[in-house]
Amino acid sequence: MKSILSMERREIVSSSDVTKYFSKCRDLTKKNKRTFIFKNNKPDLVMLDIREYEDIQTKLNLLEDIDISLLVKERVANDNGKRYSMDDIAEKYGLERK
């Protein structure tokens, strides 16, 4: 997968071109997997092919799973065995349990 920070000229279109030539921009996006849309000569939006979007989402989900797994391992490694009940927490923070 290409870096999101690097873009090639063929991936860039103006917002006015998207408005005028949406079908061509869509085809360009299908071909390149992404299109950067510029407004006033500055990056404004990115249009992604659905497969590229799904791939990014899958990778983000995997990273989140890895992050959670590392957090669990850290907590298990540092577990002191002390546990708190909901009543203990409610009492400590002055909360009423229903």
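Residues numbered from 1 in each chain as written. Predicted model: local features only at pLDDT ≥ 70, side-chain atom pairs only at ≥ 80, totals over all residues. Heavy atoms only, no water.

## Description of the overall build of the protein chain
Secondary structure assignment for the protein chain yields four helices and three strands. Ordered by position in the sequence, the α and β elements of the protein chain form the string β-α-α-β-β-α-α. Radius of gyration (C-alpha) of the protein chain: 24 Å, far over the 13 Å computed for a compact globule of 98 residues. Seen through its C-alpha atoms, the protein chain measures out along the principal axes to roughly 65 × 30 × 20 Å. Each of the 98 residues in the protein chain was classed as buried or not, and the buried ones make up 16%. Contacts spanning at least 24 positions in sequence make up 33% of the contacts within the protein chain whose residues lie at least 6 apart. When the accessible surface of the protein chain is summed, it comes to about 8600 Å², and 54% of that surface belongs to carbon and sulfur atoms. Computed over 21 positive and 18 negative side-chain charges, the inter-centroid distance for the protein chain is 8 Å. (Helix = DSSP H or I, 4+ residues; strand = E, 2+ residues; numbered from the N terminus. Rg over C-alpha atoms; globule rule 2.2 N^0.38 Å. Buried < 20%, exposed > 50% of the residue type's maximum accessible area, 1.4 Å probe, protein only. Contact = heavy atoms within 4.5 Å. Areas by Shrake-Rupley, 256 points an atom, 1.4 Å probe, with all protein chains shown as cover. Lys, Arg positive; Asp, Glu negative; His and termini not counted. Charge placed at Lys NZ, Arg CZ, Asp CG, Glu CD.)

## Digging into the pairing of strand 3 (residues 42-48)
Bridge count between strand 2 (residues 34-39) and strand 3: six bridges; the pairing is antiparallel. Of the residues in strand 3, the one forming a bridge with Thr35 is Met47. The hairpin turn running from strand 2 into strand 3, its antiparallel successor, is two residues long, and Asn40 in that turn takes a positive phi close to 55 degrees. (Pairing = 2+ DSSP bridges.)

## So, the pairing of strand 2
Of all six residues in strand 2, five are buried, a share of seventy percent or more. Bridge analysis of strand 1 (residues 12-14) against strand 2 gives three bridges, and the strand direction is parallel. For Val13, the partnering residue across the bridge sits in strand 2 and is Ile37.

## Here we look at the environment of Ser69
Within the secondary structure layout, Ser69 lies in helix 3 (residues 50-77). On the basis of relative accessibility, which here comes to 34%, the residue Ser69 falls in the partly exposed class. Between the alpha carbons of Ser69 and Lys24 there is a distance of 44 Å; along the sequence they are 45 residues apart.

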